[in-house]
Amino acid sequence: MSIWRSPHDSQTQTHLGKRNALLGAIGLSLFAFVLQVAGAWYTGSLALLGDSAHLMTDLFSLIMSLTAVILASRPTTGSRSFGLYRLEVLASFMNGLLLLVVSASLAWEGVSRLRQPGEVKVGALVVVAVVGLCFNLASAFLLMRAAKDGDAGHLHHHGHDHGHDPGHHHGHDHQEHDHSDRNLHSALLHVWSDALGSVAVILGAVLIHFTQLFWIDAAVGILLAIWIFRWAGRVILESGHVLLESTPKHVKTDALVNRLRGLDQRVALVEDLHVWEITSRMYAASAEIHVRQMDLQDAERLRQQMNKILRDEFGIAHVVLAIRPAN
C-alpha cells in the first residue's frame, strides 16, 4: 500500500498505467451510454434514463481524469514549482458538482413520474440494464487494477529511494485518509455507483414484472438521485479539503509539534507550522524551529532528524524547516 509520494518522484509508469486504464474505461462507458440512452427511450424507463444520466457524468468524469493524468505528468517549471498535480483534485471537485446537478434533476423528474406513472417495457429494460452493468464492471476492473499497480509502484519507489521498511509502523492512522489516487478514486466511485444504479434498475424491473406497479420505476429513479447525491457530497468534501489547503486528516499538529520538540532539550519553540496536501498522498510542511545555544553543525543534524521523522512517521515528504536562535 502506498504511504506517501514526493512532488519530485518520477511517475512515468504510473501515469502510463492510469492513462491506459482511463482510455479503456472511457471506451466502455461511451458504448454503454449510447446503449442505455436508446434503451431508456425505447422502454420509457425513468430509472434507466437516470442511470444513463449518471453514466454521462461518469464519462465526463473519466475524460477529466484522463486530462488531469496527462497534464499532471508534465515536469515542474519556474512558474509552477509543484507542476500540475492539483489538477486531479480540481477534476474531482468538478465531478462532485456535476453529480449534484444530476441528482437534483433526477429527483425532480422522479417526483413528477410518481404522480403520473407511465408504462415501462420490462423485458427490454432488463436486457439493457444487464448489458450496462457488465460494461460498468469491466470499467471498474480496469480502474481498480490501475490503482493497485500505482500503489505497488509508489511503495517500491518509497522503499528504494529512502531505505524505509514498508512494514515499519508509521505514526499516523492509515484508516483516516485515503491512500489511493484521489482523481482515480473519484472516477472509480462514479463507475461503482453507476454499477449499483444498474443493479437497482434490474431489481425495479423485476418488481414491476411481478406487480405491474409502474410507479416503482420512478421510485428507483428517486433512490438513484439520493445515491448520487451521497457520492457527490463525499467527493466535494474530500477534494474541497485539499483545495482549501487544510491540514491532512491523518496529521495531528499537536502531536507533530510535541514530537519535534522532544527531539532535543534545546528546542524552545516550533512556530509558524503549516501542513497541507498538494494532491493525493503528497504532503508538504514548513515551520520555524527556535533553538537555544546550538551551533550550525548541531542545527543541521537536528534538521535532518526532523525531516526523517516528518517523512517516516507522518508521511510528509516535502519539508522546509528554518532553524533560528531563540530570543
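Note that the structure is a prediction, hence the values are computed from the model and not measured.

Enquirer: What's the story with the packing of aromatic side chains in this structure? I'm lost.
Expert: Remark: the centre distance and the inter-plane angle together describe each pair of aromatic rings, the angle taken between the planes. Counted under the stated rule, the structure contains one aromatic pair. Both rings, one in Phe31 and one in Phe135, keep their centres 5.1 Å apart while their planes meet at 35 degrees; by these two values the pair is tilted. You can see Phe31 sitting in helix H1 (residues 12-43) and its partner Phe135 sitting in helix H4 (residues 122-162), a full 104 residues away along the chain. Sitting over the face of the ring of Tyr42, Lys121 holds its NZ or CZ atom 4.0 Å from the ring centroid.

Enquirer: I keep staring at the sheet that holds strand E1 (residues 267-279) and nothing clicks. Help me out?
Expert: Within a sheet, neighbouring strands are paired by backbone hydrogen bonds and run either parallel or antiparallel to one another. The mixed open sheet is built from three strands, whose spatial order is E1-E2-E3. The sheet terminates laterally at E1 and strand E3 (316-325), the two strands that pair on one side only. The average undirected angle you get between the axes of adjacent strands in this sheet is 15 degrees. Pairing between strand E2 (residues 282-291) and E3: nine bridges, direction parallel.

Enquirer: Looking at this model, I keep getting lost on the packing of helix H3 (residues 87-115) against helix H6 (residues 215-243). Mind explaining?
Expert: Packed helix pairs are specified by the crossing angle of their axes together with the interaxial distance, meaning the distance between the axes. Orientation of H3 relative to H6, taken along the N-to-C sense of each, is 160 degrees, at an axis distance of 7 Å. Judged by the angle between their axes, H3 and H6 are roughly antiparallel. The hand of the H3/H6 crossing is left-handed. Its residues placed into classes, the contact of H3 with H6 shows 24 nonpolar, seven polar and two charged.

Enquirer: Would you mind showing me how to read the pairing of E2 here?
Expert: Regular strands have side chains that alternate between both faces of the sheet. With respect to burial, E2 is a largely interior element, eight of its 10 residues being buried. The sheet contact formed by E1 and E2 spans nine bridges and is antiparallel. Following the sheet pairing, Glu271 is matched in E2 by Glu288. Linkage of E1 to E2, two consecutive antiparallel strands, is achieved through a turn of two residues, within which Arg281 is found at a positive phi near 65 degrees. The β-α-β motif built from E2, the intervening helix H8 (residues 296-314) and the parallel element E3 has right-handed crossover chirality.

Enquirer: What am I meant to see in the pattern of salt bridges here?
Expert: Opposite charge on two side chains permits pairing when their charged atoms draw close. The tally for this structure, following the rule as stated, stands at 10 salt bridges. Residue Arg234 is joined to Glu238 by a salt bridge in which the shortest nitrogen-to-oxygen separation is 3.4 Å. Taken as a pair, Arg234 and Glu238 lie in helix H6 at a separation of four residues, close to a single helical turn. Salt bridges linked by common partners bring Asp264, Arg266, Asp298 and Arg301 together as one network.

Enquirer: What am I meant to see in the packing of helix H7 (residues 253-261) against H8 here?
Expert: Following both chains from N to C, one finds H7 and H8 inclined at 140 degrees, their axes separated by 10 Å at the closest point. As for the relative orientation of H7 and H8, their crossing is right-handed in sense. Here Ala255, Leu256, Arg259 and Leu260 of H7 lie close against H8, whose contacting residues are Met306, Ile309, Leu310, Glu313 and Phe314. Grouping the constituent residues of the contact of H7 with H8 by class yields seven nonpolar, no polar and two charged.

Enquirer: Even after reading the chapter, I still don't get the nonpolar core, so can you show me in this structure?
Expert: In a soluble, globular protein the nonpolar side chains are often hidden away together inside. Judged by nonpolar contacts, the single largest core of 25 residues is most densely connected at Leu48, Leu106, Leu125, Val201, Val220, Leu224 and Ile228. Taken together, the elements giving at least two residues each to this core come down to helix H2 (46-72), H3, H4, helix H5 (182-211) and H6. Sorting elements by how many residues they give to this core places H6 first, with seven residues. With residues near it in sequence (within four places) discarded, Leu48 still touches Gln36, Gly39, Ala40, Thr43, Leu125, Val128 and Val201.

Enquirer: Sorry if this is basic, but what is going on with H8 here?
Expert: Two residues of an α-helix separated by three or four positions point the same way, owing to the 3.6 residues in each turn. Along its 19 residues, H8 runs 26 Å from first to last C-alpha, staying within 8% of the 27 Å computed at 1.5 Å per residue. Where H8 begins, the capping side chain belongs to Asp295, and its oxygen is found 3.3 Å from the backbone nitrogen of Gln297. Once H8 finishes, Gly315 follows within two positions and takes phi at roughly 70 degrees, a positive value.

Enquirer: Could you clarify how one ought to interpret H7 in this entry?
Expert: When we look at burial in H7, the residues that qualify are Leu256, Val257 and Leu260. Down the axis, H7 shows its buried residues gathered within 95 degrees of arc, on one side only. Along H7, exposed side chains directed more than 90 degrees from the buried face belong to Asp254 and Asn258. Here the buried face of H7 lies against E1, H8 and E3.

Scoring rules and cut-offs
Residues numbered from 1 in each chain as written. Predicted model: local features only at pLDDT ≥ 70, side-chain atom pairs only at ≥ 80, totals over all residues. Heavy atoms only, no water. Phe/Tyr/Trp six-rings, centres within 6.5 Å; stacked < 30°, edge-to-face > 60°. Helix = DSSP H or I, 4+ residues; strand = E, 2+ residues; numbered from the N terminus. Lys NZ or Arg CZ within 6 Å of the ring centre and 35° of its normal. Pairing = 2+ DSSP bridges. Axes fitted to C-alpha atoms, helices over the stretch in contact; angles between N-to-C directions. Parallel < 35°, antiparallel > 145°, perpendicular 65-115°, else oblique. Left-handed = near helix turned anticlockwise from the far one by under 90°. Nonpolar A, V, L, I, M, F, W, Y, C, P; charged D, E, K, R; others polar. Buried < 20%, exposed > 50% of the residue type's maximum accessible area, 1.4 Å probe, protein only. Right-handed = clockwise from strand over helix to strand, strands pointing away. Salt bridge = Lys/Arg side-chain N within 4 Å of Asp/Glu carboxyl O. Contact = heavy atoms within 4.5 Å. Core = buried A, V, L, I, M, F, W, Y, C linked by side-chain atoms within 4.5 Å. Expected span 1.5 Å × (residues − 1). Polar contact = N/O pair within 3.5 Å; in protein donor to acceptor, adjacent residues only side chain to side chain. Arc of directions from axis to C-beta.

By themselves, these are just geometric observations and shouldn't be taken as functional.
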